[in-house]
Amino acid sequence: MLDFPVVQYSAGLLPWFASLWADEHWRLALWAAGVGIDLLLILVLSGSRILQRVQSYLTAQKTTRRRPRSGVRPDGRGPVIHGASVDPAHLSERLGLFVIIVLGESVVQIVAAASDARYDIGLLATAIASFVLLAGMFGLSVVFGYAGLPHLRAGRIPIRAALGLHCLVTGVVATIAVPLALVVQHGSDPLPEQGRWLLCGAVAAYLTLGVVTGVASHSSDLPRTISRVTTGIAAPLLLGLLATAVSGRTLVVFLALIVLAHLWFERRLTPIQAAPTDEAPPARAGRLMNPSGEPTRRT
(Lines give C-alpha, C1' and ligand atoms only; values in the text may rest on other atoms or scores of the structure.)
Protein backbone atom coordinates (compact mmCIF):
# COMPACT_ATOMS: atom_id res chain seq x y z
CA MET A 1 0.00 0.00 0.00
CA LEU A 2 1.87 3.05 -1.27
CA ASP A 3 -0.50 5.58 0.29
CA PHE A 4 -0.99 3.82 3.65
CA PRO A 5 2.31 2.08 4.45
CA VAL A 6 1.53 1.87 8.17
CA VAL A 7 -0.48 -1.29 7.47
CA GLN A 8 2.83 -3.06 6.76
CA TYR A 9 4.14 -2.22 10.24
CA SER A 10 2.83 -3.47 13.57
CA ALA A 11 4.84 -1.33 16.00
CA GLY A 12 1.71 0.62 16.93
CA LEU A 13 0.04 -2.59 18.14
CA LEU A 14 2.63 -3.26 20.86
CA PRO A 15 1.29 -0.65 23.35
CA TRP A 16 -2.22 -2.03 22.87
CA PHE A 17 -1.09 -5.55 23.71
CA ALA A 18 0.83 -4.27 26.74
CA SER A 19 -2.28 -2.45 27.98
CA LEU A 20 -4.01 -5.80 28.54
CA TRP A 21 -1.86 -6.26 31.66
CA ALA A 22 -1.62 -2.60 32.74
CA ASP A 23 -3.69 -0.79 35.36
CA GLU A 24 -6.18 1.97 34.53
CA HIS A 25 -3.69 4.84 34.67
CA TRP A 26 -1.07 3.22 32.45
CA ARG A 27 -3.69 1.78 30.13
CA LEU A 28 -4.76 5.21 28.88
CA ALA A 29 -1.13 6.23 28.42
CA LEU A 30 -0.41 3.08 26.40
CA TRP A 31 -3.47 3.63 24.23
CA ALA A 32 -2.30 7.18 23.52
CA ALA A 33 1.18 5.84 22.70
CA GLY A 34 -0.26 3.30 20.26
CA VAL A 35 -2.30 5.93 18.46
CA GLY A 36 0.66 8.34 18.46
CA ILE A 37 2.98 5.74 16.92
CA ASP A 38 0.51 5.03 14.13
CA LEU A 39 0.06 8.74 13.42
CA LEU A 40 3.83 9.25 13.36
CA LEU A 41 4.32 6.33 10.98
CA ILE A 42 1.58 7.65 8.70
CA LEU A 43 3.35 11.01 8.41
CA VAL A 44 7.00 9.91 8.14
CA LEU A 45 6.84 6.67 6.15
CA SER A 46 6.94 6.83 2.37
CA GLY A 47 5.34 3.89 0.61
CA SER A 48 7.43 4.27 -2.54
CA ARG A 49 10.68 4.29 -0.57
CA ILE A 50 9.61 1.21 1.36
CA LEU A 51 8.78 -0.49 -1.93
CA GLN A 52 12.18 0.32 -3.39
CA ARG A 53 13.99 -0.83 -0.24
CA VAL A 54 12.14 -4.15 -0.11
CA GLN A 55 12.68 -4.76 -3.82
CA SER A 56 16.38 -4.00 -3.47
CA TYR A 57 16.59 -6.46 -0.60
CA LEU A 58 14.88 -9.20 -2.63
CA THR A 59 17.13 -8.52 -5.60
CA ALA A 60 20.22 -8.75 -3.40
CA GLN A 61 18.95 -11.99 -1.88
CA LYS A 62 18.42 -13.43 -5.34
CA THR A 63 22.01 -12.75 -6.36
CA THR A 64 23.39 -14.47 -3.22
CA ARG A 65 21.24 -17.61 -3.46
CA ARG A 66 22.81 -20.71 -4.92
CA ARG A 67 19.79 -22.97 -5.10
CA PRO A 68 16.39 -22.05 -6.54
CA ARG A 69 13.78 -21.33 -3.91
CA SER A 70 10.07 -20.80 -3.96
CA GLY A 71 9.04 -17.55 -5.55
CA VAL A 72 11.91 -17.43 -8.04
CA ARG A 73 10.73 -17.19 -11.63
CA PRO A 74 11.85 -19.69 -14.31
CA ASP A 75 13.81 -16.96 -16.09
CA GLY A 76 15.99 -16.51 -12.99
CA ARG A 77 14.48 -13.25 -11.82
CA GLY A 78 13.45 -13.00 -8.19
CA PRO A 79 10.02 -12.02 -6.93
CA VAL A 80 8.82 -8.54 -7.78
CA ILE A 81 6.87 -6.46 -5.25
CA HIS A 82 4.14 -4.25 -6.68
CA GLY A 83 2.62 -1.22 -5.01
CA ALA A 84 -1.07 -0.31 -5.10
CA SER A 85 -2.56 3.17 -4.72
CA VAL A 86 -5.95 4.01 -3.26
CA ASP A 87 -8.83 5.56 -5.16
CA PRO A 88 -8.64 9.24 -4.09
CA ALA A 89 -12.33 9.93 -4.70
CA HIS A 90 -13.43 6.88 -2.74
CA LEU A 91 -11.00 7.64 0.10
CA SER A 92 -12.25 11.21 0.35
CA GLU A 93 -15.85 9.98 0.51
CA ARG A 94 -14.97 7.49 3.28
CA LEU A 95 -13.06 10.06 5.34
CA GLY A 96 -15.84 12.60 4.90
CA LEU A 97 -18.34 10.01 6.09
CA PHE A 98 -16.25 9.42 9.20
CA VAL A 99 -16.32 13.15 9.96
CA ILE A 100 -20.12 13.03 9.64
CA ILE A 101 -20.20 10.15 12.13
CA VAL A 102 -18.11 12.10 14.63
CA LEU A 103 -20.33 15.16 14.20
CA GLY A 104 -23.34 12.90 14.79
CA GLU A 105 -21.79 11.70 18.04
CA SER A 106 -21.48 15.34 19.10
CA VAL A 107 -25.19 15.85 18.40
CA VAL A 108 -25.95 12.75 20.49
CA GLN A 109 -24.02 14.19 23.45
CA ILE A 110 -25.88 17.49 23.17
CA VAL A 111 -29.25 15.72 23.07
CA ALA A 112 -28.27 13.56 26.05
CA ALA A 113 -27.34 16.66 28.05
CA ALA A 114 -30.56 18.42 27.02
CA SER A 115 -32.67 15.48 28.19
CA ASP A 116 -31.76 16.30 31.81
CA ALA A 117 -32.27 20.07 31.49
CA ARG A 118 -35.45 22.07 31.92
CA TYR A 119 -37.00 22.87 28.56
CA ASP A 120 -37.37 26.59 27.81
CA ILE A 121 -36.53 29.10 25.11
CA GLY A 122 -32.95 29.35 26.32
CA LEU A 123 -32.41 25.61 25.95
CA LEU A 124 -33.87 25.74 22.44
CA ALA A 125 -31.57 28.63 21.50
CA THR A 126 -28.54 26.77 22.87
CA ALA A 127 -29.43 23.65 20.92
CA ILE A 128 -29.92 25.60 17.68
CA ALA A 129 -26.63 27.49 18.11
CA SER A 130 -24.77 24.24 18.83
CA PHE A 131 -26.30 22.55 15.81
CA VAL A 132 -25.43 25.53 13.58
CA LEU A 133 -21.83 25.37 14.81
CA LEU A 134 -21.56 21.65 14.01
CA ALA A 135 -23.36 22.10 10.67
CA GLY A 136 -20.92 24.85 9.72
CA MET A 137 -18.01 22.54 10.47
CA PHE A 138 -19.70 19.90 8.31
CA GLY A 139 -19.89 22.37 5.44
CA LEU A 140 -16.23 23.36 5.74
CA SER A 141 -14.97 19.77 6.08
CA VAL A 142 -17.23 17.82 3.75
CA VAL A 143 -18.94 20.17 1.31
CA PHE A 144 -16.07 22.62 0.67
CA GLY A 145 -13.20 20.45 1.91
CA TYR A 146 -11.52 17.22 0.96
CA ALA A 147 -11.06 14.05 3.05
CA GLY A 148 -12.85 15.81 5.91
CA LEU A 149 -10.28 18.64 5.99
CA PRO A 150 -11.45 22.26 5.63
CA HIS A 151 -10.01 24.42 2.82
CA LEU A 152 -8.27 21.41 1.23
CA ARG A 153 -8.46 20.58 -2.47
CA ALA A 154 -8.12 17.15 -4.05
CA GLY A 155 -4.68 16.05 -5.17
CA ARG A 156 -2.81 18.93 -3.53
CA ILE A 157 -1.06 17.03 -0.68
CA PRO A 158 0.12 13.41 -0.27
CA ILE A 159 -2.47 10.88 0.82
CA ARG A 160 -0.59 9.98 4.01
CA ALA A 161 -0.44 13.66 5.02
CA ALA A 162 -4.19 13.95 4.46
CA LEU A 163 -4.74 10.87 6.64
CA GLY A 164 -2.67 12.30 9.50
CA LEU A 165 -4.42 15.67 9.37
CA HIS A 166 -7.78 13.91 9.13
CA CYS A 167 -7.09 12.17 12.44
CA LEU A 168 -6.36 15.51 14.07
CA VAL A 169 -9.51 17.10 12.66
CA THR A 170 -11.76 14.30 13.88
CA GLY A 171 -10.13 14.50 17.31
CA VAL A 172 -10.85 18.22 17.49
CA VAL A 173 -14.45 17.73 16.34
CA ALA A 174 -14.96 15.08 19.02
CA THR A 175 -13.50 17.44 21.63
CA ILE A 176 -16.00 20.19 20.82
CA ALA A 177 -18.87 17.92 21.91
CA VAL A 178 -17.75 18.01 25.56
CA PRO A 179 -17.98 21.80 26.15
CA LEU A 180 -21.17 22.00 24.07
CA ALA A 181 -22.77 19.54 26.46
CA LEU A 182 -21.56 21.73 29.35
CA VAL A 183 -23.22 24.75 27.74
CA VAL A 184 -26.52 22.88 27.58
CA GLN A 185 -26.19 21.97 31.25
CA HIS A 186 -25.19 25.45 32.48
CA GLY A 187 -27.74 27.34 30.38
CA SER A 188 -27.29 31.08 30.68
CA ASP A 189 -24.46 30.84 33.22
CA PRO A 190 -20.86 31.49 32.14
CA LEU A 191 -18.84 28.37 31.48
CA PRO A 192 -16.11 27.35 33.91
CA GLU A 193 -12.67 28.46 32.82
CA GLN A 194 -11.64 25.00 31.68
CA GLY A 195 -14.83 24.51 29.70
CA ARG A 196 -14.53 27.96 28.08
CA TRP A 197 -10.95 27.34 26.99
CA LEU A 198 -11.79 23.84 25.80
CA LEU A 199 -14.59 25.17 23.56
CA CYS A 200 -12.72 28.18 22.19
CA GLY A 201 -9.45 26.28 21.88
CA ALA A 202 -11.10 23.41 19.98
CA VAL A 203 -12.69 25.79 17.46
CA ALA A 204 -9.39 27.64 17.08
CA ALA A 205 -7.55 24.33 16.58
CA TYR A 206 -10.07 23.23 13.94
CA LEU A 207 -9.69 26.44 11.97
CA THR A 208 -5.90 26.33 12.46
CA LEU A 209 -5.86 22.98 10.69
CA GLY A 210 -7.89 24.63 7.95
CA VAL A 211 -5.22 27.31 7.58
CA VAL A 212 -2.50 24.66 7.45
CA THR A 213 -4.29 22.62 4.78
CA GLY A 214 -5.09 25.74 2.78
CA VAL A 215 -1.44 26.85 2.73
CA ALA A 216 -0.07 23.33 2.16
CA SER A 217 -2.44 22.69 -0.76
CA HIS A 218 -1.85 26.17 -2.29
CA SER A 219 -5.58 26.86 -2.15
CA SER A 220 -5.15 30.00 -0.04
CA ASP A 221 -3.42 33.22 -1.06
CA LEU A 222 -1.97 35.75 1.38
CA PRO A 223 -5.17 37.83 1.94
CA ARG A 224 -7.23 34.68 2.56
CA THR A 225 -4.62 33.29 4.92
CA ILE A 226 -4.47 36.53 6.91
CA SER A 227 -8.27 36.69 7.19
CA ARG A 228 -8.48 33.03 8.25
CA VAL A 229 -5.80 33.49 10.88
CA THR A 230 -7.46 36.65 12.21
CA THR A 231 -11.04 35.40 12.34
CA GLY A 232 -10.42 31.68 12.80
CA ILE A 233 -7.56 31.62 15.29
CA ALA A 234 -7.21 35.01 16.96
CA ALA A 235 -10.95 35.63 17.46
CA PRO A 236 -11.75 32.33 19.27
CA LEU A 237 -8.65 32.68 21.46
CA LEU A 238 -9.64 36.23 22.39
CA LEU A 239 -13.10 34.96 23.31
CA GLY A 240 -11.51 32.35 25.54
CA LEU A 241 -9.36 35.01 27.18
CA LEU A 242 -11.85 37.86 27.57
CA ALA A 243 -15.33 36.32 27.62
CA THR A 244 -15.17 35.37 31.28
CA ALA A 245 -18.57 36.86 32.14
CA VAL A 246 -20.31 35.89 28.91
CA SER A 247 -22.88 33.13 29.11
CA GLY A 248 -22.07 29.81 27.52
CA ARG A 249 -25.01 30.21 25.15
CA THR A 250 -23.75 33.57 23.86
CA LEU A 251 -20.25 32.14 23.50
CA VAL A 252 -21.55 29.33 21.28
CA VAL A 253 -23.44 31.89 19.18
CA PHE A 254 -20.25 33.91 18.63
CA LEU A 255 -18.28 30.81 17.64
CA ALA A 256 -21.06 29.66 15.32
CA LEU A 257 -21.00 33.06 13.59
CA ILE A 258 -17.24 32.73 13.07
CA VAL A 259 -17.63 29.31 11.45
CA LEU A 260 -20.54 30.55 9.32
CA ALA A 261 -18.44 33.51 8.15
CA HIS A 262 -15.74 31.10 6.97
CA LEU A 263 -18.40 29.03 5.24
CA TRP A 264 -19.90 32.09 3.55
CA PHE A 265 -16.51 33.29 2.26
CA GLU A 266 -15.75 29.76 1.05
CA ARG A 267 -18.88 29.89 -1.10
CA ARG A 268 -18.30 33.42 -2.37
CA LEU A 269 -14.59 33.30 -3.17
CA THR A 270 -13.30 31.76 -6.38
CA PRO A 271 -11.16 28.65 -5.74
CA ILE A 272 -7.46 29.12 -6.39
CA GLN A 273 -6.20 26.79 -9.09
CA ALA A 274 -3.02 24.81 -8.52
CA ALA A 275 0.04 26.07 -10.38
CA PRO A 276 0.89 23.90 -13.41
CA THR A 277 3.98 21.73 -13.08
CA ASP A 278 6.18 19.87 -15.50
CA GLU A 279 5.96 16.65 -13.54
CA ALA A 280 4.37 13.59 -15.04
CA PRO A 281 0.72 13.07 -14.11
CA PRO A 282 0.16 10.69 -11.20
CA ALA A 283 -0.82 7.11 -11.87
CA ARG A 284 -4.50 6.31 -11.92
CA ALA A 285 -5.84 5.17 -8.58
CA GLY A 286 -5.98 1.45 -8.13
CA ARG A 287 -3.33 0.58 -10.73
CA LEU A 288 -0.40 -1.60 -9.81
CA MET A 289 3.01 0.02 -9.94
CA ASN A 290 6.38 -1.65 -10.19
CA PRO A 291 9.44 -0.29 -8.31
CA SER A 292 10.41 1.91 -11.24
CA GLY A 293 7.07 3.72 -11.11
CA GLU A 294 5.70 2.26 -14.35
CA PRO A 295 2.25 0.67 -14.44
CA THR A 296 2.06 -3.07 -14.85
CA ARG A 297 -0.62 -5.10 -16.54
CA ARG A 298 -2.88 -7.21 -14.34
CA THR A 299 -3.08 -10.90 -15.16
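Reading the values: rules and limits
Residues numbered from 1 in each chain as written. Predicted model: local features only at pLDDT ≥ 70, side-chain atom pairs only at ≥ 80, totals over all residues. Heavy atoms only, no water. Helix = DSSP H or I, 4+ residues; strand = E, 2+ residues; numbered from the N terminus. Contact = heavy atoms within 4.5 Å. Areas by Shrake-Rupley, 256 points an atom, 1.4 Å probe, with all protein chains shown as cover. Salt bridge = Lys/Arg side-chain N within 4 Å of Asp/Glu carboxyl O. Buried < 20%, exposed > 50% of the residue type's maximum accessible area, 1.4 Å probe, protein only. Phe/Tyr/Trp six-rings, centres within 6.5 Å; stacked < 30°, edge-to-face > 60°. Patch = residues over 30% accessible without salt bridge, like charges linked within 9 Å, V, L, I, M, F, W, Y side chains within 5 Å. Core = buried A, V, L, I, M, F, W, Y, C linked by side-chain atoms within 4.5 Å. Axes fitted to C-alpha atoms, helices over the stretch in contact; angles between N-to-C directions. Parallel < 35°, antiparallel > 145°, perpendicular 65-115°, else oblique. Nonpolar A, V, L, I, M, F, W, Y, C, P; charged D, E, K, R; others polar. Expected span 1.5 Å × (residues − 1). Polar contact = N/O pair within 3.5 Å; in protein donor to acceptor, adjacent residues only side chain to side chain.

**A short note on the overall build of the protein**
What the protein contains, in helices and strands, is 9 helices and 2 strands. Its helices and strands in sequence order give the protein the pattern α-α-α-β-α-α-α-α-α-α-β, from N to C terminus. Considering only residue pairs separated by 6 or more positions, the protein has 73% of its internal contacts joining residues 24 or more positions apart. Counting only carbon and sulfur atoms, one obtains 65% of the accessible surface of the protein, whose full area is about 17300 Å².

**A few points about the pattern of salt bridges**
In total, this model carries 6 salt bridges according to the counting rule given. The closest approach of N and O atoms between Asp120 and Arg118, which form a salt bridge, is 3.4 Å. Taking relative accessible area as the criterion, Asp120 reaches 28% and is therefore assigned partly exposed. Salt bridges sharing common partners tie together Arg153, Arg228 and Glu266.

**Here's the deal with the packing of aromatic side chains**
One pass over the full model with this rule turns up 2 aromatic pairs. The interplanar angle of 80 degrees and the centroid separation of 5.0 Å between the aromatic rings of Trp264 and Phe265 together place this pair among those described as edge-to-face. Owing to a relative accessible area of 48%, Trp264 belongs among the partly exposed residues under this scheme.

**Thoughts on unusual backbone geometry**
Positioned with a positive phi, Ala147 is a non-glycine residue whose angle comes to about 60 degrees. Of the residues examined, Ala147 reaches a relative accessible area of 3% and is grouped as buried. A positive phi angle, close to 65 degrees, is found at His151, a residue other than glycine. Position of His151 relative to the elements: it lies in the loop between helix 5 (121–143) and helix 6 (159–186).

**What about the side chain of His166?**
With respect to the secondary-structure elements, His166 resides in helix 6. Its relative accessible area of 5% is what places His166 among the buried residues. Ignoring sequence-local partners within four residues, the contact set of His166 consists of Leu95, Phe98, Val99, Ala147, Gly148 and Leu149.

**Structural notes on the environment of Phe265**
Considering the arrangement of structural elements, one finds Phe265 in helix 9 (residues 248–268). Sequence separation between Phe265 and Arg224 is 41 residues; the distance between their C-alpha atoms is 9.4 Å.

**Structural notes on the side chain of Thr170**
Checked against the element boundaries, Thr170 lands in helix 6. Judged by relative accessible area, Thr170 falls into the buried class, the value being 9%.

**Overview of a nonpolar patch on the surface**
Taken together, the side chains of Leu13, Leu14, Trp16, Phe17, Leu20, Trp21, Leu28, Trp31 and Val35 make up a nonpolar region of the molecular surface, amounting to roughly 1000 Å² of accessible area. Those elements that place two or more of their residues in the nonpolar patch are helix 1 (14–18) and helix 2 (24–44).

**Some thoughts on the nonpolar core**
In terms of nonpolar packing, the biggest core is built from 53 residues, with Ile176, Leu199 and Leu255 touching the most fellow members. At the level of secondary structure, the elements contributing two or more residues to this core comprise helix 2, helix 4 (88–114), helix 5, helix 6, helix 7 (193–216) and helix 9. Among the elements that make up this core, the one with the highest residue count is helix 6 (12 residues). In this structure, Ile176 is in contact with Leu133, Leu134, Met137, Leu199, Ala202 and Val203, ignoring residues within four places of it in sequence.

**A short note on the packing of helix 4 against helix 6**
One can describe the packing of helix 4 onto helix 6 by two numbers: an axis separation of 8 Å at closest approach and a directional angle of 10 degrees. If you check the angle between helix 4 and helix 6, you find them roughly parallel. For the pair formed by helix 4 and helix 6, the contact residues are Leu91, Leu95, Phe98, Val99, Val102, Leu103, Ser106, Gln109, Ile110, Ala113 and Ala114 on the first element and Ile159, Leu163, His166, Thr170, Val173, Ala174, Ala177, Val178, Leu180, Ala181, Val184 and Gln185 on the second. Of the residues assigned to the contact of helix 4 with helix 6, the class counts are 18 nonpolar, 5 polar and no charged.

**Comments concerning helix 5**
Given a rise of 1.5 Å per residue, 23 residues ought to cover 33 Å, and the 31 Å separating the end C-alpha atoms of helix 5 matches this to within 8%. Gly122, Leu123, Thr126, Ala129, Ser130, Leu133, Leu134, Gly136, Met137, Gly139, Leu140 and Ser141 are the residues of helix 5 that are buried. Buried residues in helix 5 make contact with helix 4, helix 6, helix 7 and helix 9. For helix 5, the N-terminal capping position is held by Asp120, with its side-chain oxygen 3.3 Å away from the main-chain nitrogen of Gly122.

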